[in-house]
Amino acid sequence: MGKGEHMGKTDNNEETCENNIEELTFEEALEELENIVEHLERGQLTLDDSIDTFEKGMKLALLCNRKIEDSEKKIEQLIERNGKLTTEPFSEME
C-alpha cells in the first residue's frame, strides 16, 4: 500500500472514528482507551501510527472525563436534605 492510499484510508477512518467515539458508552470508551495504551506501550507502531493512536486515545480520555463529570453533576443534583435539593461533591467510600 502506497503512502497516498494509506492517507486516504486514514482520513475516512478518522472521520468515522470521531463519530463512533461520541456514541460509545463510558465502559466501551474506557476499554478502547486501555487497548490503545497497550498498543502504545508495546512501542511497535510507526511514528505516524503512534501519533494517530495517541490522538484517538486523547479523544477517548476526554469523552470518559466528560461522562464522569456529567455523572457527578447528576449525583450532586440528586442529593436531597431537609426537603431541599442540595449539592454536595461526590466522595468515595472509605
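Values in this document were obtained by computation on a predicted structure and should not be read as measured data. (Residues numbered from 1 in each chain as written. Predicted model: local features only at pLDDT ≥ 70, side-chain atom pairs only at ≥ 80, totals over all residues. Heavy atoms only, no water.)

Trainee: Looking at this model, I keep getting lost on the confidence of the model for the chain. Mind explaining?
Mentor: Any region with low pLDDT has predicted coordinates that should not be read closely. Taken residue by residue, the chain gives an average pLDDT of 77. The fraction at 70 or more is 64%. Confidence scores differ between elements of the chain, with helix α1 (residues 3–23) showing the lowest mean pLDDT of 54 and helix α2 (residues 26–42) the highest of 95. (pLDDT = per-residue confidence, 0-100. Helix = DSSP H or I, 4+ residues; strand = E, 2+ residues; numbered from the N terminus.)

Trainee: Is there a simple way to think about the nonpolar core in this case?
Mentor: Grouped together as the largest cluster of nonpolar side chains are seven residues: Ile 21, Ala 29, Leu 33, Ile 36, Leu 60, Leu 63 and Cys 64. For this core, the secondary structure elements donating two or more residues are α2 and α3 (47–78). Not counting residues up to four positions away in its chain, the partners in contact with Leu 33 are Gly 57, Leu 60 and Ala 61. (Core = buried A, V, L, I, M, F, W, Y, C linked by side-chain atoms within 4.5 Å. Buried < 20%, exposed > 50% of the residue type's maximum accessible area, 1.4 Å probe, protein only. Contact = heavy atoms within 4.5 Å.)

Trainee: I keep staring at the pattern of salt bridges and nothing clicks. Help me out?
Mentor: Within this structure, the stated rule accounts for four salt bridges. Linking Arg 66 and Glu 22 is a salt bridge whose minimum nitrogen-to-oxygen distance equals 2.6 Å. Here the residue Arg 66 occupies a position in helix α3, and Glu 22 occupies one in helix α1, the gap between them amounting to 44 residues. As a salt-bridge pair, Glu 55 and Lys 59 come within 3.8 Å of each other at their nearest N and O atoms. Linking Glu 55 with Lys 59, this pair stays in helix α3, spanning four residues, or about one helical turn. Its relative accessible area of 34% is what places Glu 55 among the partly exposed residues. A relative accessible area of 25% places Lys 59 in the partly exposed class. (Salt bridge = Lys/Arg side-chain N within 4 Å of Asp/Glu carboxyl O.)

Trainee: Help me understand α2, please; the structure alone is not making it clear to me.
Mentor: An α-helix turns once per 3.6 residues; consequently, residues spaced three or four apart project the same way. Taking 1.5 Å per residue as the helical rise, α2 with its 17 residues ought to reach 24 Å, and the 25 Å between its terminal C-alpha atoms agrees with that figure. Within α2, the full set of buried residues consists of Ala 29, Leu 33 and Ile 36. All buried residues of α2 project into a common sector of 60 degrees when viewed along the axis, lining one side. Exposed positions of α2 whose direction lies more than 90 degrees from the buried face are Glu 27, Glu 31 and Glu 41. (Expected span 1.5 Å × (residues − 1). Arc of directions from axis to C-beta.)

Trainee: What am I meant to see in the environment of Thr 53 here?
Mentor: Within the secondary structure, Thr 53 is located in helix α3. Overall, the relative accessible area of 18% leaves Thr 53 in the buried class. Considered as a pair, Thr 53 and His 39 are 14 residues apart in the sequence and their alpha carbons are 8.4 Å apart. Aside from chain neighbours lying at most four places away, what touches Thr 53 is Ile 36, Leu 40 and Leu 45.

Trainee: Honestly, the environment of Glu 34 in this entry has me stumped. Any pointers?
Mentor: Relative to the helices and strands, Glu 34 is located in helix α2. The class for Glu 34 is partly exposed, based on a relative accessible area of 46%. Taking the C-alpha atoms as reference points, Glu 34 and Leu 60, separated by 26 residues in sequence, lie 9.9 Å from one another.

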